[in-house]
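Structure at a glance
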Amino acid sequence: MAKEKKGVRLEHISKIYQDPKTKKDFYAVKDTNLEIEPGSFVTLLGPSGCGKTTTLRMIAGFESPDEGEIYLGNEPINELTPNKRDTAMVFQSYALLPHYNIFDNVAYGLKIRKVPKDEIKRRVTDILALVGLEGMESRMTNQLSGGQQQRVALARALVMEPGVLLFDEPLSNLDAKLRVTMRTEIRRIQQRAGITAVYVTHDQSEAMALSDKIIVMEKGLVSQMGTPQEIYYHPKNKFVADFIGDANFLEGRMLRHEGDTGVVDINGTEVKVAAADNVPDGANTTVVLRPESTMLRDQGYFPVQVVVSNFMGAYQLYHVMLGDVKLIIHEYNPKDKKIYQAGETVFIDFAPGDAHCI
Amino acid sequence: MAKTAQGAALDRKKLMADPIMVTTIVVLITFLTLFILYPLAILLVDSAYSDGHVTLDIFKRVLAMPTFTRAITNTLKVGFVVGILSTLIGLLFAYVEVYVRMNKAVGGLFKVVSMLPVVSPPFVLSLSMIMLFGKAGLITRFLLGIYDNNVYGYWGIVIVQTLTFFPVCYMMLKGLLKNIDPSLEEAARDMGASRMKVFTSVTLPLLLPGLGNAFLVTFIESIADFANPMLIGGSYDTLATTIYLQITGAFDKQGAAAMAVVLLCITLLMFAVQKYYLESKTAATLTGKASRARMLIEDKSVSIPLTILCSLAAIFVIGMYVCVPIGALFPTWGYKLTPLTFKWFQQVFTKYHGLKAFKDSFVLSLIASPITALLSMIISYLVVKKKFRGKGFIEAVSMLAMAVPGTVLGVGYIRGYAQGLFHTGALQFLYNSAAILIIVFVVRSLPTGTRSGISALRQIDKSIEESAYDMGADSFKVFMTVTLPLIKDSFLSGLVTAFVRSITAISAIILLVTPSFLLITVQINEFAEKGAFSIACAFATILIIITYGAVLLMNLFMRFFGTSRKMKEEA
């Protein structure tokens, strides 16, 4: 549907704000380089204040970068105002025009562009069918549920056939169930339209479910970019590992590399971990273990003390203490497995491929 | 780390890409500079610069005048007392309305009381005060047989101003009281406090900055008030009247300029305290929205005395207003009360050029009000939604106008435009023209409109306008298709408020009006000064009818075309 898929490129982008209390300048976004492929779905993920929304708003044109240049396709767009940019944004609050009905909301941008009346009618009708709102053209926006408003906001952005579609935490005002439905819907529609999408969220499961590529941001800097799998299985640092899913951290020292595996000394025990070319022999390192790939067994690497053992339905949740380090363990499908109780001393175990050095 | 120039430069470039915005900003800044800043600046220059050098001689000269120093103490004394009385009465009314269960009739009385000062000319109460309690007063002379009661002077001003300004305090405090979360007071009750203790230990401390705010607002209104001291002050002169007499009586424009600077300094100081200290405190203590409805006081031993007290006060105030149209019907006020006659109304039109007066006032106000409404909406839009250099200036100057007494502005215009800009003759054509009267109307109503516009716009989610901008609309289009329709109600009421304020204005305009224009308020003032109360009442009555009609028309219009209404109905 889109005329032309466009990529987005950020070159050395920085944004400086002033702290209203201390009057000190700080980098909201610092020297960020991004390349977003045409037609891909990219998510900017991070806690609040990490610079993700600022980055999105710079692409939309609401904020001006203090350093660097933004390209849409091959065109530098720093100097263009938001209304001249080939982007369309879906806002967190939906930002539907409350004095217009659905049809007029969706048609607003087309009318500004002076698209002929019958074409407007056709395109609006088509797009409303795509988002599942056919026949509701004359409803006012306050007669709609949150999910429907969300669909109008999406339709309104899509109908412009923008080069890039921007999402600013669009699902954060919906309840949990609807959020899951809508994110599937957004992904379906984005793929149908074949449109480039940049999506901002702080919800890691949303990011995983939607994205071709995730960009994790922290304090104005890009922490890591990669596919959801790369980010989840090979987090580059503690922040990413902790932010995406739950993670256990074990401090140790790299002893030696043995082909595909590394051997790490943790509390005097030698532990085999996945290839760790990033850590040289003799260096201190942190081993990351996901709760679902850590196991409690009668025998294993270290003895630990169980402090919490809760049945969660899909899995048994354990909190165990290794010295004064707390580890979280998810034992999935616990029905016929041995369940340990709080107070017991057991061993933890894991496969070398599931342990990852940062 | 220094902020690099690129972001700012880009913001500027984006702004420049929007020629309508740029033009609007430039025009606005020019307007505000020419008609608010410049007249005030020229007063300062005038009173501190003489024969080619900077001097304090003029200040020394006016400060040596006993009339002037007395006027300063008089003004402050009146302002202080009026501020306190108005705040207390306002608090009583607000408390009763928010906390006590009352029947519909009393509620209606309250509503009328809050409406009256809005639609009536500012000095109507002085008129009725004289007619009811003066030497030939209906009550003093006819009912009580007192023949020498003197209403003129200090107490006259205090009573009249208090009755005029307390509804403003009442409305302000009502809003604050409604925002106090009832659960705070319930918690105190639950811990064993009596109702009195709850009031003194919870409600009152929370309200304290708000009370201070109400006091200062009234204080400023009182010392800026011109018409009431003029009518009922007698020989008790305040700053506003002294300045007026200095120009019209002593023809000492330079002295008047120096006096105006003194008055301006007082109001600016009060305004600064109110704006930057108390307003932020009020906001800090009362941010919470009431979580649910308040349990009203049903205890009859509390509600009945309070209701009766307020109702009596309300009836008294309303009675004073009603006295004006009735006064216009008596054959001779104070001597012959029957049969009622329309001869004064007839005389207004046959003998005293009433038609021209109403036409001039009406037309000038009608021209000024849309300009004011639109300007204040544009200023609010720029201040709330846009960022650009000069925004601080626009915001500050339009708020500054709120603190400038009309008399000061009037003197500023005389000094600033009688011989043209900086006495060079430029723009001199404005002086003595209709344009300057319209400009005064606009400037005098601008702050109120801007304030209500800003609060209306703050309630609109910023992203609604951003979304329109994002979809390709430029600033002008966004303003016309999104912003303005969403604040239609505020715009409409701004329009009517501007109209009402203009047609009832007197303080600045009385210094600037020329014989070629007859303005109703000036006429009323003149007849009242001469003691021709019946004619003054007839004029005032017609004026009240016009303003009340305008307000009714607005309410009617809003009912059928208002945005909020429409959206509510369809929900």
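Cut-offs applied
- Residues numbered from 1 in each chain as written.
- Chains lettered and ligands numbered in written order.
- Predicted model: local features only at pLDDT ≥ 70, side-chain atom pairs only at ≥ 80, totals over all residues.
- Helix = DSSP H or I, 4+ residues; strand = E, 2+ residues; numbered from the N terminus.
- Rg over C-alpha atoms; globule rule 2.2 N^0.38 Å.
- Buried ≥ 20, exposed ≤ 12 C-beta atoms within 10 Å, placed from the backbone.
- Contact = placed C-beta atoms within 7 Å.
- Nonpolar A, V, L, I, M, F, W, Y, C, P; charged D, E, K, R; others polar.
- Pairing = 2+ DSSP bridges.
- Axes fitted to C-alpha atoms, helices over the stretch in contact; angles between N-to-C directions.
- Domains from an automatic or database assignment.
- pLDDT = per-residue confidence, 0-100.
- Expected span 1.5 Å × (residues − 1).
- Parallel < 35°, antiparallel > 145°, perpendicular 65-115°, else oblique.
- Left-handed = near helix turned anticlockwise from the far one by under 90°.
- Core = buried A, V, L, I, M, F, W, Y, C linked by C-beta atoms within 7 Å.
- Arc of directions from axis to C-beta.

1. Structural notes on the overall build of chain B
A tally of helices and strands in chain B yields 26 helices and two strands. For 571 residues, the compact-globule estimate of 2.2 N^0.38 gives 25 Å, and chain B sits close to it at 25 Å. For chain B, buried positions account for 47% of its 571 residues. Taking the contacts inside chain B whose residues are at least 6 apart along the sequence as the reference set, 80% of them involve residues at least 24 apart.

2. Digging into the interface of chain A and chain B
Many authors give the size of an interface as the accessible area that is lost as the parts come together. Contact with chain A, which involves 30 residues of that partner, is made by 31 residues of chain B. Those elements that place two or more of their residues in the side of chain A that touches chain B are strand 1 (8-18), strand 6 (87-90) and helix 2 (102-112) of chain A. Looking at the side of chain A that touches chain B residue by residue, the classes come out as 15 nonpolar, nine polar and six charged.

3. Some details on the sheet that holds strand 17 (residues 315-322) of chain A
Residue and element names in this part refer to chain A. Reading across from one edge, 15-19-16-17-18 is the order of the five strands in this open sheet, with antiparallel pairing throughout. The open sheet has two edge strands with one neighbour each: strand 15 (295-297) and strand 18 (325-332). In this sheet, adjacent strand axes meet at a mean angle of 45 degrees when their direction is disregarded.

4. Points about the environment of Lys 356 of chain B
Position of Lys 356 of chain B among the secondary structure elements: in helix 16 (residues 354-385). Residue Lys 356 of chain B is classed as partly exposed on the basis of its 13 C-beta neighbours within 10 Å.

5. Observations regarding the domain arrangement of chain A
Residues and elements named next belong to chain A. The assigned domain composition of chain A is domain 1 (8-238) and domain 2 (246-357). For domain 1 versus domain 2, the distance between C-alpha centres works out to 38 Å. Counting residues at the interface gives four residues for domain 1, matched by four residues for domain 2. Class assignment for the residues of the side of domain 1 that touches domain 2 results in two nonpolar, one polar and one charged.

6. Comments concerning the confidence of the model for chain B
Residues and elements named next belong to chain B. With 95% of its residues at a pLDDT of 70 or more, chain B has an overall mean of 85. When the elements of chain B are averaged for pLDDT, helix 26 (residues 563-570) gives the smallest value, 48, and helix 4 (residues 66-99) the largest, 93. Our summary of model confidence lists the complex with pTM equal to 0.81 and ipTM equal to 0.82.

7. Details of helix 18 (residues 406-417) of chain B
All names here are of chain B. A rise of 1.5 Å per residue sets the reference length of helix 18, with its 12 residues, at 16 Å; its end C-alpha atoms lie 16 Å apart and thus fit the reference within 8%. Of all 12 residues in helix 18, 12 are buried; the element is thus mostly enclosed. Listed as buried for helix 18 are Gly 406, Thr 407, Val 408, Leu 409, Gly 410, Val 411, Gly 412, Tyr 413, Ile 414, Arg 415, Gly 416 and Tyr 417.

8. Side note on the pairing of strand 13 (residues 269-274) of chain A
All names here are of chain A. With six bridges connecting them, strand 12 (residues 261-266) and strand 13 associate as antiparallel partners. Note that in strand 13 the partner of Val 263 across the bridge is Lys 272. Count of turn residues in the strand 12/strand 13 antiparallel hairpin: two residues, of which Asn 267 carries a positive phi of about 50 degrees.

9. Re the domain arrangement of chain B
Residues and elements named next belong to chain B. Looking at the assigned domains, one finds that chain B contains domain 1 (7-46 + 342-571) and domain 2 (56-327). Look at where the C-alpha atoms of domain 1 and domain 2 centre, and you get two points 24 Å apart. Listed by partner, the interface residues are 35 residues for domain 1 and 33 residues for domain 2. Those elements that place two or more of their residues in the side of domain 1 that touches domain 2 are helix 2 (19-48), helix 17 (391-403), helix 18, helix 24 (520-530) and helix 25 (533-561).

10. As for the sheet that holds strand 12 of chain A
The pairing of strands in a sheet happens through backbone hydrogen bonds and is either parallel or antiparallel. Residue and element names in this part refer to chain A. Here five strands make up an open sheet; going across it, the order is 13-12-11-14-20 and the pairing antiparallel. Of all the strands in the sheet, just strand 13 and strand 20 (355-357) have a single pairing partner and so form its edges. Across this sheet, the average inter-strand angle for adjacent strands is 45 degrees, counted without regard to direction. Summarising the sheet, strand 11 (residues 248-258) and strand 12 pair through five bridges and their orientation is antiparallel. Looking across to strand 12, one finds that Glu 258 is bridged to Thr 261.

11. Thoughts on the pairing of strand 2 (residues 25-36) of chain A
All names here are of chain A. Note that strand 1 and strand 2 share eight bridges and pair antiparallel. When the sheet's bridge partners are listed, Leu 10 is paired in strand 2 with Leu 34. Between the end of strand 1 and the start of strand 2, which pair antiparallel, lie six residues, with Lys 23 showing a positive phi angle near 65 degrees.

12. Some points on the packing of helix 6 (residues 124-133) of chain B against helix 8 (residues 154-179) of chain B
Axes are the key here: two packed helices are described by the angle between their axes and the distance separating the axes. Residue and element names in this part refer to chain B. For the pair helix 6 and helix 8, interaxial distance at closest approach is 9 Å and the crossing angle is 130 degrees. The angle between helix 6 and helix 8 falls in the class oblique. For the pair helix 6 and helix 8, the crossing hand works out as right-handed. Two secondary-structure elements touch here, helix 6 through Leu 125, Ser 126 and Met 129 and helix 8 through Gly 156, Ile 159, Val 160, Leu 163 and Thr 164.

13. As for the nonpolar core
In this structure, Leu 166 and Val 198 of chain A together with Leu 127, Ala 260 and Val 440 of chain B are the most contacted members of the largest nonpolar core, which totals 260 residues. Contact partners of Leu 127 of chain B, with chain neighbours within four places excluded, come to Leu 231, Val 324, Ala 528, Phe 533, Ala 536, Cys 537 and Ala 540 of chain B. Within the second largest apolar cluster, nine residues are counted, among which are Val 304, Val 320, Tyr 340 and Val 346 of chain A.

14. Overview of the packing of helix 2 of chain A against helix 4 (residues 146-158) of chain A
Residues and elements named next belong to chain A. Here helix 2 crosses helix 4 at 30 degrees, and the two axes come no closer than 8 Å. Judged on the interaxial angle alone, helix 4 and helix 2 are roughly parallel. By crossing handedness, the relation of helix 2 to helix 4 is classed as right-handed. Mapping the contact onto sequence places Ile 102, Asn 105 and Val 106 in helix 2 and Val 152, Ala 155 and Arg 156 in helix 4. A breakdown of the residues in the contact of helix 2 with helix 4 according to their chemical character gives four nonpolar, one polar and one charged.

15. Concerning helix 3 (residues 117-130) of chain A
Residues and elements named next belong to chain A. Helix length check: helix 3 (14 residues) gives 20 Å between terminal C-alpha atoms against 20 Å at 1.5 Å per residue, within 8%. Within helix 3 the residues assigned to the buried category are Ile 120, Val 124, Ile 127 and Leu 128. The arc enclosing the buried residues of helix 3, seen along the axis, measures out at 100 degrees, which places them on a common side. Opposite the packed face of helix 3, turned more than 90 degrees from it, sit the exposed residues Asp 118, Glu 119, Arg 122 and Ala 129. Lining the buried residues of helix 3 we find helix 2 and helix 4.

16. Regarding the environment of Glu 161 of chain A
Residues and elements named next belong to chain A. By the element assignment, Glu 161 lies in the loop between helix 4 and strand 7 (164-168). For Glu 161, a count of 19 C-beta atoms within 10 Å corresponds to the partly exposed category. Along the primary structure Glu 161 and Ala 88 are separated by 73 residues, whereas in three dimensions their C-alpha atoms are 8.3 Å apart.

17. Here's the deal with unusual backbone geometry
Of note, the phi angle at Glu 169 of chain A is positive, near 40 degrees, even though the residue is not glycine. By secondary structure assignment, the location of Glu 169 of chain A is in the loop between strand 7 and helix 5 (176-193). The backbone of His 353 of chain B shows a phi angle near 55 degrees, a positive value even though the residue is not glycine. By the element assignment, His 353 of chain B lies in the loop between helix 15 (343-350) and helix 16. His 353 of chain B gets classed as partly exposed once you count the C-beta atoms within 10 Å, which come to 14.

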